[in-house]
Amino acid sequence: MKGLRYLTLLILILFILSGLVIAQETKPGFTIERLVIAGGIENREPVNVMEIVPSTTEKVYCFIEARNIQEDTNITVVWSLNDKEVNRTTLPLKKGFRWRTYAEKNLYGMKGEWKVEILDSAGTAIKSVTFSVE
């Protein structure tokens, strides 16, 4: 009986530890510090940050600042208009404290509700930003 309790306890501990390992594996290994839509990029920084974009705007930029990147990896930037995916771009993130990058999208006067979603290398959505083209 005593041996059965120890075996049960051991199985429970192993189960808990395996859950912790799985949880660690699903983390992206970095954080997105800033995610904004801008009219341009100057000196590696977004300029003219917007939530409402005039329909006459030719192109917008999705600026991404990642922090505490544990290893070189890729992210995917998914652009959607009115809940329909219209573009997808893969960008690298290099290991280190801070990495800034951006994706750009020609709007072609397409009005509506836009969403830009950042996916980690496993395809898991980790952050998003929305804007309107009017």
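Above this text is the structure in question.
Analysis parameters
Residues numbered from 1 in each chain as written. Predicted model: local features only at pLDDT ≥ 70, side-chain atom pairs only at ≥ 80, totals over all residues. Heavy atoms only, no water. Helix = DSSP H or I, 4+ residues; strand = E, 2+ residues; numbered from the N terminus. Buried < 20%, exposed > 50% of the residue type's maximum accessible area, 1.4 Å probe, protein only. Contact = heavy atoms within 4.5 Å. Areas by Shrake-Rupley, 256 points an atom, 1.4 Å probe, with all protein chains shown as cover. Polar contact = N/O pair within 3.5 Å; in protein donor to acceptor, adjacent residues only side chain to side chain. Pairing = 2+ DSSP bridges. Axes fitted to C-alpha atoms, helices over the stretch in contact; angles between N-to-C directions. Core = buried A, V, L, I, M, F, W, Y, C linked by side-chain atoms within 4.5 Å.

Participant: Run through the overall build of the protein, naming residues and quoting values.
Facilitator: Looking only at helices and strands, the protein has one helix and nine strands in total. Along the chain direction, N to C, the helices and strands of the protein fall in the order α-β-β-β-β-β-β-β-β-β. The 134 residues of the protein split such that 32% are buried. Long-range pairs, those at least 24 residues apart, make up 61% of the contacts in the protein between residues at least 6 apart in sequence. In the structure as shown, the protein presents an accessible area of about 8800 Å², 53% of it carried by carbon and sulfur atoms.

Participant: Please provide a residue-by-residue account of the side chain of Glu65, values included.
Facilitator: With respect to the helices and strands, the residue Glu65 is situated in strand β4 (residues 59–69). In terms of polar contacts, Glu65 uses its side chain to reach the side chain of Arg98, at 3.0 Å. Ignoring anything within four residues of it in the chain, the contact list for Glu65 reads Thr31, Ile32, Glu33, Arg34, Arg98, Trp99 and Arg100.

Participant: Report on the sheet that holds strand β1 (residues 31–42), specifying residues and quantitative values.
Facilitator: Spatial ordering of the open sheet is given by β2-β1-β4-β7, a layout of four strands whose pairing is antiparallel. Two strands bound the open sheet, and with one partner strand each, they are β2 (45–49) and β7 (96–106). On average, each strand axis in the sheet is tilted by 35 degrees relative to the strand beside it, whichever way the strands run.

Participant: Describe the environment of Leu91, and please don't skip the residues or the numbers.
Facilitator: Take Leu91: it is sitting in strand β6 (residues 84–93). Accessibility expressed as a relative area gives 11% for Leu91, which makes it buried. When the C-alpha atoms of Leu91 and Asn74 are compared, they prove to be 5.5 Å apart, with 17 residues separating the residues in sequence. Leave out the neighbours within four places in its chain, and Leu91 touches Ile64, Thr73, Asn74, Ile75, Val77, Thr101, Tyr102 and Ala103.

Participant: Residue-level account of the sheet that holds strand β9 (residues 125–133), with values.
Facilitator: Reading across from one edge, β3-β9-β8-β5-β6 is the order of the five strands in this open sheet, with mixed pairing throughout. For this open sheet the edge positions go to β3 (52–53) and β6, each flanked by a neighbour on one side alone. Pairing of strand β5 (residues 73–81) with β6, which is carried by nine bridges, proceeds in the antiparallel orientation. Bridge assignment links Ser80 to a residue of β6, and that residue is Glu85.

Participant: With reference to specific residues and values, describe the nonpolar core.
Facilitator: Counting residues in hydrophobic clusters, the biggest one holds 25 residues, and the most contacted among them are Ile37, Val60, Ile64, Val77, Trp79, Val116 and Phe131. Mapped onto this core, the elements with two or more residues apiece are β1, β4, β5, β6, β8 (112–119) and β9. It is β4 that provides the largest number of residues to this core, a total of five residues. Contact partners of Ile37, with chain neighbours within four places excluded, come to Asn48, Val49, Met50, Val60, Tyr61, Cys62, Trp79, Val116, Val129 and Phe131.

Geometric descriptors of this kind do not, in isolation, establish any biological role.
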